[in-house]
Amino acid sequence: MRLTNFLKTAALALIGIGGAATQATAQLRVVATTPDLASVAREIGGDRVNVVALAKPTEDPHFVDAKPSFIVTLNRADALIEGGAELELGWLPPLLENARNGKINAGAPGRIVASEGIRLLEIPTSFDRSKGDIHSLGNPHFMVDPVSAKIVARNIASHLGQIDPKNAATYNSNLARFNARIDSKLAEWQRQLAPYRGAKIVTYHRDFIYLAQRFGFSIVDELEPKPGIAPSPSHLAQVILEMKRDNAKVILVQPFQNRKTAETVARQTAATVLDTPQQPGAVSGATTYFDMVDNIVRQLGNGLGAQK
Amino acid sequence: MYSRQSKTALAHFARAIRNSRIRFCLLVCAASFAAPGIARAQVKPPKSKQDSIARADSIARADSIALVKQLEKELGASGADTSAAASSQGPRATGSYMNIGFVALTDAGWSTAPDIGAIERGDHDPHVNGFTIPNAEISLDGNVDPYFKGFSNIVLKIDSAGDTGIELEEAYGLTTSLPANLQIKFGQFFTEFGRQNPQHPHAWSFLDAPLVLVRMFGPDGLRSQGVRFSYLLPTSFYTEALVTVANATGGTTSSFRSPDSPEIHGGVIDDRRVQHASDLLIAPRINTSFDLTETQTVVLGASAAFGPNNSGPSAKTQIYGADLYWKWKAAAAEAGFPFLSLQSEALWRHYGAAQRVSEANPAVILPSEVLKDDGAYAQVLWGIKPRIVAGLRGEFARGNQSAFLSELRRDQSRWSPNFTWYPTEFSKIRVQYNYDNRKAIGTDHSLWFQLEFLIGAHAAHKF
């Protein structure tokens, strides 16, 4: 009898803990797989949403650990924003399998596929892993193009409006403000990078193709011989020759990529290694999507400007 | 307009149900297979409503959500998930209804042990000097419909005589839309006991199975036909409670009613039919996890397995286990490196052997006794730099004195340093040294190499 009472109390206490967490806020709980998507969600949701990103800004978004705490986060989510181009294929499926949250099941209004409506580049015509880690739906690093961010923002606003119709007008007006800000910032970024149109750049991974397309850079090569394959000396030797031939003077790296490899190549080619993380929060002070692009533009401007 | 008509029709339907016995049946349905049963009842009339959801504007959508909420209330079904219907679009269009993968392991090496099978008892361990193909596995999985996922692993392996064996390692369905944080798995599957038992060999960090797991669960791990219930607790940190109910009979229920059990208890098998619930295998487990810091996570688990054994008509076995996993991964990790992890499991078994006729000599009666075994392993992995991992495992397993001297209960220990290079996440090259020590037999040295390749879909790894 006493034991039953104890169990009852314990059960109530446990439910209480969960309940308290649930009632603490009436905001929509939005989970984004990566911090860039989270930042756009904050712009659109404003104070009506509480946004959490699963991947850390400094870690490789292809290789995030499927930590059990993420299961709890997803279990309580009202919406999930995923890239939608298989960037999270290695870690999101087992989390969703255990999250038991119908609100974020595929096809539900709470499941936001960021890439919907974006014309992805490099969609493979055949699937062959001897070509490296190719994503079957196309290159997933589209967020670094501000125009892609507008499409993502539209997807987020439309879904938030479906889940929370009474605040749909707010989401739409936040979307309009976000779009206006992107338009004015994009003009500014294009002005800043205009002198370097046609500049040759080198990247570590194939993760800046959308940026290159938007701002008119030409990517000479990647330090990785194939996507996801570690740089080999023979490939790096080839990159060095190409850089000298094409007069490429910058190498773009993200925080989780091997900067030492990039520095070695830079020494051989008198190039500069630029720290250009694609996730807000990776550089102190750069907490929003706009800060993140600002930083990349500034880095490129400084790096390419110094070479002039 | 349509939605108003269907609202009225459904209201009648709901009223009819409220006043009849059908309601009771429905509630029972809801308790066992709630989402499919109830959700289908709701979905049927609004099948085209589902289409209209896609088309209608947000006001109409709000309306339909309110309607479903109202029906849930009237039908007495709590939270039978409104989005299950919407999820019928299935996964993203990657061009296939089913993921197909194939993974093959090749072992090669040499051991000083004359009886390698006695120190490498696992079915997926190397068995002979020279080459072994311990595991070639076809994995299939996919969404069945909005309510279930399906999984299957079919394993082919070549034994020490060179003959190919096939086994249906796993074939199970998993619910995807049950309410109240519940989940049910059903079919043939690895029992969720501890950390490593449910893992497939290609996910192991060492080339062979830990001694204690093989002792308690047999060469193939503990798996059987049954059902597993799981509940994700509403706590602020991850806590999952699971219970498996399964058949206790067969070659993969080693400590229970396996045809190989005489190797443990030495007696003639008491063959009886399943008559009571207590003739089934019951395996509860609780699993919890905390993020200690931004870069450190710990997972703690406790498991048990209770069931009959075949040494006598009412003989029982109990197994208890505790497991720990801790991992640190650098905040700016490249391809998941560097990292450091510790995994450990300890198990205790009480095998209640009944008074039994010796299998070797029918004139001998073996006394009633409790066969007590325990053991543990601990393994540290250091992901030094991208795709390179160094590991060290220490382990032991031991058993108490008994009337029948079982080779499977001999005291033994092992140290295994290893080194693995993953050219990509689809291939693996591993070298492992084993220092084995068996009581009254002595020590042995083994050096094994392992190569692995994986083609097709790659199931993501759990933490």
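Check the entry above for the structure.
Below or above, wherever it landed, is the structure these notes cover. (Residues numbered from 1 in each chain as written. Chains lettered and ligands numbered in written order. Predicted model: local features only at pLDDT ≥ 70, side-chain atom pairs only at ≥ 80, totals over all residues. Heavy atoms only, no water.)

### Points about helix α5 (residues 146–163) of chain A
Working step 1: Helix length check: α5(A) (18 residues) gives 26 Å between terminal C-alpha atoms against 26 Å at 1.5 Å per residue, within 8%.
Working step 2: N-capping of α5(A) is provided by A:D145, with a side-chain oxygen placed 3.0 Å from the backbone N of A:V147. (Helix = DSSP H or I, 4+ residues; strand = E, 2+ residues; numbered from the N terminus. Expected span 1.5 Å × (residues − 1). Polar contact = N/O pair within 3.5 Å; in protein donor to acceptor, adjacent residues only side chain to side chain.)

### Quick look at the pattern of salt bridges
Residue and element names in this part refer to chain B.
Working step 1: For the structure on display, the rule yields 45 salt bridges over all chains.
Working step 2: R393 is the partner of D208 in a salt bridge, and the nearest nitrogen-oxygen pair spans 2.6 Å. With D208 in the loop between β5 (182–190) and α7 (211–217) and R393 in strand β15 (residues 388–399), the pair connects residues that are 185 residues apart, well separated along the chain. Here D208 and R393 have matching classes, each one buried.
Working step 3: Judged by its relative accessible area of 0%, R393 falls in the buried class.
Working step 4: Each of E120, D208, R393, E395, R414 and D436 takes part in one network of salt bridges that share partners. (Salt bridge = Lys/Arg side-chain N within 4 Å of Asp/Glu carboxyl O. Buried < 20%, exposed > 50% of the residue type's maximum accessible area, 1.4 Å probe, protein only.)

### A word on the nonpolar core
Across soluble globular proteins, nonpolar side chains have a tendency to be buried as a group.
Working step 1: Membership of the largest hydrophobic core comes to 55 residues, with the highest contact counts inside it found for A:I44 and A:F217.
Working step 2: Core analysis: the next-biggest nonpolar cluster, separate from the first, contains 18 residues, A:L92, A:L95, A:A99 and B:L232 among them. (Core = buried A, V, L, I, M, F, W, Y, C linked by side-chain atoms within 4.5 Å.)

### Topic: a nonpolar patch on the surface
All names here are of chain B.
Working step 1: Taken together, the side chains of L340, V380, W382, I384 and F419 present a nonpolar region at the surface, about 420 Å² in accessible area.
Working step 2: Within the fold, I384 resides in strand β14 (residues 369–385).
Working step 3: I384 gets classed as partly exposed once you look at its relative accessible area, which sits at 33%. (Patch = residues over 30% accessible without salt bridge, like charges linked within 9 Å, V, L, I, M, F, W, Y side chains within 5 Å. Areas by Shrake-Rupley, 256 points an atom, 1.4 Å probe, with all protein chains shown as cover.)

### As for unusual backbone geometry
All names here are of chain B.
Working step 1: Cis geometry marks the peptide bond from F337 to P338, where omega comes out at -5 degrees.
Working step 2: Of note, P338 is situated in strand β11 (residues 337–353).
Working step 3: Here the phi dihedral of A180 falls at roughly 60 degrees; this positive angle occurs in a residue that is not glycine.
Working step 4: You can see A180 is positioned in the loop between β4 (164–175) and β5.

### Notes on the sheet that holds strand β8 (residues 272–275) of chain A
Strand pairing in a sheet takes place through backbone hydrogen bonds and is either antiparallel or parallel in direction.
All names here are of chain A.
Working step 1: Pairing is parallel in the open sheet, where four strands are placed in the order β6-β5-β7-β8. Looking along the sheet, the strands with just one partner apiece sit at the ends: β6 (218–222) and β8. The average angle at which neighbouring strand axes cross in this sheet is 35 degrees, direction not considered.
Working step 2: Note that strand β7 (residues 250–253) and β8 share four bridges and pair parallel. Along β8, the bridge assignment pairs L252 with L274. (Pairing = 2+ DSSP bridges. Axes fitted to C-alpha atoms, helices over the stretch in contact; angles between N-to-C directions.)

### Thoughts on the environment of B:K372
Working step 1: Assignment of secondary structure puts B:K372 in strand β14.
Working step 2: Not counting residues within four places of it along the chain, the set of residues in contact with B:K372 comprises B:R349, B:H350, B:R398, B:G399, B:N400 and B:R409. (Contact = heavy atoms within 4.5 Å.)

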